[in-house]
Structures are given as C-alpha cells and as structure tokens.
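Here is what each chain is made of, one letter per residue.
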Amino acid sequence: MLLPNAVFLALVLACLLAHLAVLAWWRKGKALLLLNAVVALAVLAYQAPRLSMTLGPPTDGQILGLIGFEVMVLLVSIIRARLLAWLGFAAHLCVSLAGLALVLTFRMDRLF
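What you are looking at is a predicted structure, and each value in this text was computed from that prediction instead of being measured.

Peer 1: Help me out: how do you make sense of the overall build of the chain in this one?
Peer 2: Per the secondary structure count, the chain includes 5 helices and 0 strands. Along its sequence from the N terminus, the chain presents helices and strands in the succession α-α-α-α-α. The burial tally for the chain puts 30% of its 112 residues in the buried class. Considering only intrachain contacts with a sequence separation of at least 6, the fraction spanning at least 24 residues in the chain is 73%. As displayed, the chain offers around 7800 Å² of accessible surface, 76% of which is attributable to carbon and sulfur atoms.

Here is the structure:
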C-alpha cells in the first residue's frame, strides 16, 4: 500500500514536471493554455462537492477566492488570452513549488 506521503509526492512531482515541460516549450501557447485549463478544472472538480458548505453560512472567503481565481484561469484559457494565462501559470507553478517544499519537509504518514 502506498503511504499518503508518497502519493502526495508523486502528485506534486507530476504537476511540477508538467509546468517545467511547458516552460521548456513556452513558445507553444496551446500547451500553456491546456495545462492551465487542466489544473483549473482539477481544482474546481475537487471543490464541487464542497460548494454547498463553502457558500453556506459561515462563508469561507479563502475557498471562494480560490474558486474565483480558478474560474478566471479557466475563462482565460478558453478565450486564449496568452498574456493573462501567464499569471495563472505562475500562480500554479508557485503552488506546485510550495507543495514540493511541504512534502519534502513534513512527513504526513502519521495522519492516517
């Protein structure tokens, strides 16, 4: 059985490698837009079952901000605005790097 720390490490590394691959071929604007759309859809799909709890009182402003940001990133990817897409890409890359720092610093095996 895979430990939770190993699963989280694999997910973070896969996301980070995808971002680095897009950086390597940054002239391919379609790859940037596609990666942004995939990450935004993944975050929105994760938050969808929890939406009623997020919108109900008391509202969680941080989660609402995250959902709003991901909706904007998805819309930017749909309308193919490449200059704005770099902002979403940079935010996703920073979160991936922070996730890597978290998984390499803390062991989460004892939580489950």
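Peer 1: Quick question: what am I supposed to make of the nonpolar core here?
Peer 2: Soluble globular proteins: nonpolar side chains tend toward being buried together. If you look at the biggest cluster of nonpolar residues, it comprises 13 residues, and the most contacted ones within it are Val22, Leu32, Leu35, Ala85, Phe89 and Leu100. Those elements that place two or more of their residues in this core are helix H1 (4–24), helix H2 (29–47) and helix H5 (82–105). With 5 residues, the top contributor of residues to this core is H5. Residues in contact with Phe89, not counting those within four places in the same chain, are His19, Val22, Leu23, Leu32, Leu35 and Asn36. Ala40, Leu44, Ile67 and Val73 belong to the second largest nonpolar core, which has 6 residues in total.

Peer 1: Help me out: how do you make sense of H5 in this one?
Peer 2: Given 3.6 residues to a turn, an α-helix orients residues that are three or four positions apart in the same direction. Over its 24 residues, H5 runs 34 Å from end to end, which matches the ideal 34 Å to within 8%, given 1.5 Å per residue. Of all the positions in H5, only Ala85, Gly88, Phe89, His92, Leu93, Ser96, Gly99, Leu100 and Val103 are classed as buried.

Cut-offs applied
- Residues numbered from 1 in each chain as written.
- Predicted model: local features only at pLDDT ≥ 70, side-chain atom pairs only at ≥ 80, totals over all residues.
- Heavy atoms only, no water.
- Helix = DSSP H or I, 4+ residues; strand = E, 2+ residues; numbered from the N terminus.
- Buried < 20%, exposed > 50% of the residue type's maximum accessible area, 1.4 Å probe, protein only.
- Contact = heavy atoms within 4.5 Å.
- Areas by Shrake-Rupley, 256 points an atom, 1.4 Å probe, with all protein chains shown as cover.
- Core = buried A, V, L, I, M, F, W, Y, C linked by side-chain atoms within 4.5 Å.
- Expected span 1.5 Å × (residues − 1).

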